[in-house]
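Commentary on secondary and tertiary structure
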Amino acid sequence: MKNLNKSSKTALGGIIAALSVVLMFLTSVIPILTYAIPAAAGLLLLIMVIEIDKKWATVVYLSVSILSLLLIADKEAAVMYVAFFGYYPIIKQPIEKHLNKYVCWVVKMLVFNASIIASYLLLIYVFNLSMDDFGEFTKIGLALLYLAFNAVFIIYDIALTRMITAYLYKWQKHFRKIFK
């Protein structure tokens, strides 16, 4: 589908952006999914990366990021999309393509951890999230939460790889029939 005309690429990008923003709005309805919904919205970008290219996926990512920051009530979810879940599906393949298995995981973990730290600094200093908002968590609790985030990231990365494989081998032919 990389040979689609510009209007078809724009339409597909618009559909994916709209679905992503609708998903992001769900964080206001189901606040317990503050991290899961931005991850699901990021998964939609896989279609843009696979079917068109990284440049178009980046435009969709930027569009959803701006709309999320402006419109979504749950700023934590919006920041998580902007700071990590939105762009990670775009950069995953180049990281894995150019690095060996072990270096690849080190780079992915560094990207993830830098994103998490940057997003929480942004939430604290720009969106005025106070440390009191963390509730009963002590420094040890926050450290355990940080370690749990890293474990969840590893599971997310593996799931993302499996989703890519499932899309390529099972769903792509159906998708291409719809979007001829």
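Residues numbered from 1 in each chain as written. Predicted model: local features only at pLDDT ≥ 70, side-chain atom pairs only at ≥ 80, totals over all residues. Heavy atoms only, no water.

**Observations regarding the pattern of salt bridges**
Under the criterion given, the structure shown has four salt bridges. A cluster of three or more residues bridged by salt bridges with shared partners is formed by Lys92, Glu96, Lys108 and Asp157. (Salt bridge = Lys/Arg side-chain N within 4 Å of Asp/Glu carboxyl O.)

**So, a nonpolar patch on the surface**
A surface patch of nonpolar side chains, amounting to about 640 Å² of accessible area, comprises Leu69, Ile117, Leu121, Leu122, Tyr125, Val126 and Phe127. No other element matches the four residues that helix α6 (residues 101-125) contributes to the nonpolar patch. One can find Phe127 in the loop between α6 and α7 (139-178). (Patch = residues over 30% accessible without salt bridge, like charges linked within 9 Å, V, L, I, M, F, W, Y side chains within 5 Å. Areas by Shrake-Rupley, 256 points an atom, 1.4 Å probe, with all protein chains shown as cover. Helix = DSSP H or I, 4+ residues; strand = E, 2+ residues; numbered from the N terminus.)

**Here we look at the nonpolar core**
By size, the foremost hydrophobic cluster in this structure holds 24 residues, and its most contacted members are Ile16, Met24, Met48, Val60 and Tyr81. At the level of secondary structure, the elements contributing two or more residues to this core comprise α1 (6-29), α2 (36-51), α3 (54-71), α4 (75-85) and α7. No other element matches α2, which puts eight residues into this core. Judged by nonpolar contacts, the second largest core, of 17 residues, contains Ala39, Leu46, Phe112 and Tyr156. (Core = buried A, V, L, I, M, F, W, Y, C linked by side-chain atoms within 4.5 Å. Buried < 20%, exposed > 50% of the residue type's maximum accessible area, 1.4 Å probe, protein only.)

**A few points about α6**
Taking 1.5 Å per residue, 25 residues should reach 36 Å; α6 reaches 36 Å between its end C-alpha atoms and fits that length. Regarding α6, the residues found buried are Cys104, Lys108, Met109, Phe112, Asn113, Ser115, Ile116, Ser119, Tyr120 and Leu123. N-cap assignment for α6: the residue whose side-chain oxygen lies 3.0 Å from the backbone N of Tyr102 is Asn100. (Expected span 1.5 Å × (residues − 1). Polar contact = N/O pair within 3.5 Å; in protein donor to acceptor, adjacent residues only side chain to side chain.)

**Things to note about the packing of aromatic side chains**
Inspection of every chain in the model, using the stated rule, returns 13 aromatic pairs. Ring plane angle 75° and centroid distance 5.3 Å describe the contact between Phe84 and Phe85, whose orientation is recorded as edge-to-face. (Phe/Tyr/Trp six-rings, centres within 6.5 Å; stacked < 30°, edge-to-face > 60°.)

**Looking at the confidence of the model for the protein chain**
Summarising the model, the protein chain shows a mean pLDDT of 87, and 91% of its residues fall at 70 or more. Per-residue pLDDT, averaged within each element of the protein chain, yields its smallest value for α7 (86) and its largest for α3 (95). (pLDDT = per-residue confidence, 0-100.)

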